[in-house]
Amino acid sequence: PMGVCPSATMLQMKDNFTGVLRPWARPEVLTCTSWGAPIIWDGTFDPDIAQQEARRQNLTIGLTVFAVGRYLEKYLARFLESAEEHFMVGQRVVYYVFTERPAAVPRVALGPGRQMRVQYVVRERRWQDVSMARMRTLHEALGGRLGREAHFVFCMDVDQHFSSAFGPEALAESVAQLHAWHYRCTPANTRASSSLLGINDHKEHRSSGQQDRERGLEALWHDESHLNKYFWLHKPAKVLSPEFCWSPEIGPRPEIRRPRLLSAPKEYAILRD
Ligand code: UD2
């Protein structure tokens, strides 16, 4: 497991978006990684300070999501509608929806300062490649308009919906999400998550995928495995607790106070070709 920071360091630990963190508010969970990055749990930050700081910086926050094949009809509308209710409310937001059927994207009423861009992507034949291709597409998008207009960019799976405020406390140079099913694991059986991240430099993440392909290899958890390697080499500046991406199938847990994003039950049999 990750180490614990000495309390002196913890007291001074702060970032622009959370002000001074209050790790002592959650003594029952780990609030700091061994490399000194805060782990953001409900109660350890002040959402109003995070809001104010983001407004002061006049930020545009990008939220990218892929909805390819049957994932579009099944999940996209609820994902976007719930994002309108809970994701970075009060900030400027630009959604980037990547799909092979732009005309089928549902029309969701957007609040002021919030925009949607729909981008065409080729539908890969295998679901594994749909998931993997996200990194290549995002890399290209970051080199274009998305990279120019957004200060921070998140990439999320579409088969989930927001259930509570997901605000600027989640912002940092690079952000990783603890995996709901695996955060209690020991290093030997850990599978950290790639479902959500602040994207800064995907070059390496992409090239490790490319190298595997050239050698005829496929990682067990596809893009997630490559992203884990990336974060192992480049430690994230901030880590989000599983409250920021929770799976209700796990059932209630005392440390999960207020889930902000809930994943849908997996229905691979009807979704994947
Ligand atoms: C896990 C990861 C996911 C990815 C995948 C790779 C979590 C929470 N998520 O999700 O990020 O690394 O494993 O195996 O651990 N998609 C489509 N159409 C498709 C297939 C995928 O739009 O035909 C998109 C969609 O946004 C979906 C995402 O890719 O949410 C990931 O695919 P998944 O949800 O089927 O994979 P899953 O649940 O195993």
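Note that this is a predicted model, so its numbers are computed, not measured.

Draft legend 1. Molecular detail of the overall build of the chain. A count of helices and strands for the chain gives eight helices and 11 strands. When contacts within the chain are restricted to residue pairs at least 6 apart in sequence, long-range pairs at least 24 apart make up 70% of them.

Draft legend 2. The pairing of strand β5 (residues 92-99), seen in detail. The buried fraction of β5 is high, at six of eight residues. Taken together, the seven bridges between strand β4 (residues 60-66) and β5 define a ladder with parallel strand orientation. For I61, the partnering residue across the bridge sits in β5 and is V93. Since β4 and β5 lie parallel, the crossover through helix α3 (residues 71-86) that links them has a hand, and here it is right-handed. Of the strand pairs in this sheet, β5 and strand β6 (residues 114-120) are connected by seven bridges, and their pairing is parallel. Across the sheet, the residue bridging to T99 is Y120, located in β6.

Draft legend 3. Focus on the UniProt feature "binding site: an alpha-L-fucosyl-(1->2)-beta-D-galactosyl derivative" (unreviewed entry) in the chain. In the UniProt entry, the feature "binding site: an alpha-L-fucosyl-(1->2)-beta-D-galactosyl derivative" (unreviewed entry) is given for H179 and E224. For the residues just named, distributed over 46 residues, the greatest C-alpha separation is only 10.7 Å, placing them together at one site. Following the sequence through the fold, H179 ends up in the loop between β9 (175-177) and α6 (203-214). Assignment of secondary structure puts E224 in helix α7 (residues 223-233).

Draft legend 4. Geometry of unusual backbone geometry. The backbone of N58 sits at a positive phi, close to 55°, despite the residue not being glycine. As for its position among the elements, N58 is in the loop between α2 (47-56) and β4. N58 sits in the exposed class, given 9 other C-beta atoms within 10 Å. Of note in the backbone geometry, M88 takes a positive phi value of approximately 50° without being a glycine. With respect to the element layout, M88 can be found in the loop between α3 and β5.

Draft legend 5. Looking closely at the sheet that holds strand β10 (residues 238-240). Across the sheet, three strands lie side by side as β3-β10-β9; this open sheet has parallel pairing. Of all strands in the sheet, those bounded by a partner on one side alone are β3 (39-40) and β9. Summarising the sheet, β9 and β10 pair through three bridges and their orientation is parallel. Directly across from V175, in β10, lies its bridge partner K238.

Cut-offs used in this document
Residues numbered from 1 in each chain as written. Predicted model: local features only at pLDDT ≥ 70, side-chain atom pairs only at ≥ 80, totals over all residues. Helix = DSSP H or I, 4+ residues; strand = E, 2+ residues; numbered from the N terminus. Contact = placed C-beta atoms within 7 Å. Buried ≥ 20, exposed ≤ 12 C-beta atoms within 10 Å, placed from the backbone. Pairing = 2+ DSSP bridges. Right-handed = clockwise from strand over helix to strand, strands pointing away. UniProt positions renumbered as here; feature names shortened; annotations may be inferred.

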